[in-house]
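In case you want the letters, here they are:
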Amino acid sequence: MSEDFLYFLWQFQYFRHDGLQTDQAEPIEIYQVGYRNEDAGPDFTQARLRIGTVEWSGTVEIHIKASDWRVHRHQYNRAYDNVILHVVWENDLPAPQLRTNGSAIPTLSLQDRADRNWLNRYQALLKESGVIPCAGRIAEAEALHRTAMLDKMLLERMERKAKLVKETYEAAGQDWEETTYRLLATAFGFGINSEPFAQLTRGLSLKVLHKHRNNLLQIEALLFGVGGLLPDETNEAETEGYVKELQREYRFLKVKYRLEDSQLPAYVWKWAKLRPAGFPSLRIAQFAQLVAAPGSLFAQLIEFSDKTHLKRLFQINPSVYWQTHYRFGKASESVLATLGDTAAESLLINVVAPLLAAYAHHTGNEAYLERAVELLENLPAEYNRITKVWKSLCIPLSNAFDSQAAIELYNNYCQHKRCLSCQIGLQLIK
């Protein structure tokens with residue numbers, strides 16, 4: 001038994017109501033079950049009940065056993081003085097619990113009123129050791145419930161990501177251009193180097209880079225220099241003219257913009273298990289080209305005409321040096337210098353769609369949210385360890401809308417076994 005199951009029973013009133021009365025033999029009429037309280041204090045607020053001849057408004061507290069009231073020392077906590085009903089699975093005490101003023105709280109026990117089959121099926125899901133508790137039974141769930149849950153998950157994911165964009169917007173001085181720059185940089189880290197990229201943009205503002213927009217070499221010098229990846233000038237092995245030019249430019253620019261304290265240590269960047277095309281040095285070179293491009297990057301991302309044009313925006317070639325190198329001082333005969341389709345689509349999914357959702361909230365214009373959803377519907381589904389799990393269960397993921405929803409469901413519901421909050425799990429339990 002878990003309190004989550006009891007919350008579920010009470011919230012949706014999934015128990016027999018015939019002859020409903022408290023354990024103290026007073027009849028109960030339930031007008032309003034209340035609202036689930038996720039913060040400290042009683043479990044449900046704003047409940048309305050008639051107990052005996054008296055109508056009550058207040059809170060409802062839920063425990064597995066009645067004695068848990070004392071275990072949690074609620075009898076000494078005035079926050080629980082407004083509790084009008086103590087709902088329990090098992091009443092293991094002869095008398096009702098008391099408020100701080102000594103008055104008794106009516107008790108309602110559910111173990112003889114709830115459907116035991118529901119409990120058994122719920123417990124079976126909780127005992128599953130797999131990453132998706134209902135993996136063995138998900139095929140039994142109706143397609144309508146699966147679709148409805150994915151729709152809900154996509155909206156939750158968009159809301160959550162839009163909130164993170166808003167936090168970045170506030171940290172960036174409420175500047176959408178700077179916000180876009182920071183979001184893109186973080187995404188250019190593609191997970192493993194996202195945090196170093198984020199640190200880089202916090203230490204080097206877009207305003208500084210845009211002062212050198214007509215000089216790609218200076219933009220590269222600033223990004224590589226503050227990123228801590230520019231080779232040491234004392235290293236005689238680094239004799240290439242391009243490298244020496246970067247060193248010379250950064251030597252001047254770091255003093256001009258007082259960037260000494262912003263420079264990252266080189267060790268923050270991760271190289272292990274990365275293919276050369278994902279090396280941070282090449283990613284910074286690609287990002288530099290994007291920053292140097294003319295026009296407002298923010299405007300281009302939210303006012304795009306079609307996804308093909310948007311994807312091409314990210315698939316630009318870096319400077320000549322990086323078309324033959326993956327990292328400083330090491331030439332390669334074959335370099336995949338341009339972002340591939342999968343990487344470009346990842347940027348659309350993880351930057352453009354959340355940016356549109358956040359801007360929709362900011363402006364109150366739902367057209368931007370619709371554009372975000374449409375963008376995801378027109379991009380292929382992602383292929384990663386999570387989507388592979390869903391596909392192994394024959395759950396169709398037709399596009400990025402589906403894959404993003406499936407990732408959210410896995411991360412925030414399946415891993416935490418929140419089956420009672422999932423329409424798929426709920427149908428299987430019922």
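No experiment lies behind these values; they were computed from the predicted model shown. Residue numbers restart at each chain and count upward from 1, following the sequence in its written direction. Where totals are concerned, whole chains, interfaces and linings use all residues; where local detail is concerned, this predicted model gives features only for residues with pLDDT of at least 70, and gives and counts side-chain atom pairs only at 80 or more. Only hydrogens and water are removed before side-chain values are computed, so all heavy atoms of the structure are retained for them.

Draft legend 1. Up close: the overall build of the chain. Numbered from the N terminus, helices here are DSSP runs of H or I no shorter than four residues, and strands are runs of E no shorter than two. Broken down by element type, the chain carries 17 helices and 10 strands. Radius of gyration: C-alpha atoms only; globule rule: 2.2 Å multiplied by the number of residues to the exponent 0.38. Taken over the C-alpha trace, the chain has a radius of gyration of 29 Å; the compact-globule value for 430 residues is 22 Å, which it surpasses by more than 25%. With respect to the three principal axes, the spread of C-alpha positions in the chain is 90 × 50 × 40 Å. The contact rule is simple, with two residues in contact once any of their heavy atoms fall within 4.5 Å. Within the chain, counting contacts between residues at least 6 apart in sequence, those at least 24 apart form 61% of the total. Split by element, the accessible area of the chain, about 20900 Å² in all, is 49% carbon and sulfur. The protein chains shown are the only cover counted for residues, whose accessible areas, like all others here, come from Shrake-Rupley with a 1.4 Å probe.

Draft legend 2. Region of the structure containing the environment of lysine 244. Along the chain, the position of lysine 244 falls in helix α9 (residues 241-256). Each residue is placed in one exposure class: buried if its accessible area under a 1.4 Å probe, protein chains only, is under 20% of its type's maximum, exposed if it is over 50%, and partly exposed if it falls in between. Residue class for lysine 244 comes out partly exposed when judged on its relative accessible area of 40%. Separated by 103 residues in sequence, lysine 244 and leucine 347 place their C-alpha atoms 32 Å apart.

Draft legend 3. Geometry of the packing of helix α4 (residues 143-171) against helix α16 (residues 400-414). With axes taken as lines fitted to C-alpha atoms, and helix axes fitted only over the stretch in contact, angles between N-to-C directions fall between 0 and 180 degrees. Packing of α4 against α16 brings their axes to within 8 Å, and their N-to-C directions diverge by 80°. With respect to α16, the element α4 is oriented roughly perpendicular. Contacts between α4 and α16 pair Met149, Leu150, Asp151, Lys152, Met153, Leu154, Glu156, Arg157, Arg160 and Lys161 from the former with Phe401, Asp402, Gln404, Ala405, Ala406, Ile407, Glu408, Leu409, Asn412 and Tyr413 from the latter. Residues are sorted three ways: Asp, Glu, Lys and Arg are charged, Ala, Val, Leu, Ile, Met, Phe, Trp, Tyr, Cys and Pro are nonpolar, and all the rest, Gly among them, are polar. The class makeup of the residues in the contact of α4 with α16 is 10 nonpolar, 2 polar and 8 charged. Note on terminology: angles under 35 degrees are roughly parallel, angles over 145 are roughly antiparallel, angles of 65 to 115 are roughly perpendicular, and the others are oblique.

Draft legend 4. Region of the structure containing the nonpolar core. Only buried residues count toward a nonpolar core. Its members are Ala, Val, Leu, Ile, Met, Phe, Trp, Tyr and Cys residues joined through side-chain atoms within 4.5 Å. Membership of the largest hydrophobic core comes to 136 residues, with the highest contact counts inside it found for Trp10, Leu223, Phe224, Phe287, Phe314 and Trp390. Of all the elements, helix α13 (residues 341-363) adds the most residues to this core, at 14 residues. Sequence-distant contacts of leucine 223, that is, excluding residues within four places in its chain, are made with Tyr181, Leu200, Leu204, Leu209, Ile284, Phe287 and Ala288.

Draft legend 5. Up close: the environment of asparagine 411. Considering the arrangement of structural elements, one finds asparagine 411 in helix α16. Beyond its immediate chain neighbours, meaning those up to four positions away, asparagine 411 contacts Ile386 and His416.

Draft legend 6. The pairing of strand β3 (residues 44-51), seen in detail. As defined by bridge partners, strand β1 (residues 28-32) adjoins β3 across 4 bridges and the pair is classed as antiparallel. Bridge pairing links isoleucine 30 to leucine 49 in β3. Alignment of strand β2 (residues 35-36) against β3, held across 2 bridges, turns out to be antiparallel. Opposite tyrosine 35, over in β3, you have threonine 45 as the bridge partner. A pair of strands is labelled paired if DSSP reports no fewer than 2 bridges between them. Here 6 bridges tie β3 to strand β4 (residues 54-65), and the two strands are oriented antiparallel to one another. In the sheet register, alanine 47 faces β4, and the bridge partner there is glycine 58.

Draft legend 7. Focus on α13. Between its terminal C-alpha atoms α13 stretches 31 Å, which fits the 33 Å expected from 23 residues at 1.5 Å a residue. At leucine 348, α13 is deflected by roughly 30°, the largest bend along its length. Looking one or two places after α13, you find glycine 364, whose phi comes out positive at around 75°. Expected span of a helix: the number of residues minus one, times 1.5 Å. The angle between axes fitted to the seven-residue stretch ending at a residue and the seven-residue stretch beginning at it gives the bend at that residue.

Draft legend 8. Molecular detail of the pattern of salt bridges. For this analysis, a salt bridge means a side-chain nitrogen from Lys or Arg found within 4 Å of a carboxyl oxygen belonging to Asp or Glu. In total, this model carries 13 salt bridges according to the counting rule given. The shortest N-O distance in the salt bridge between arginine 36 and aspartate 43 comes to 3.9 Å. Judged by relative accessible area, which is 28%, arginine 36 ranks as partly exposed. Residue aspartate 43 is classed as buried on the basis of its relative accessible area, which comes to 7%. The partner of arginine 48 in a salt bridge is glutamate 55, with the nearest N and O atoms 2.9 Å apart. Here the salt bridges share partners, and the residues they tie into one network are Arg48, Arg50 and Glu55.

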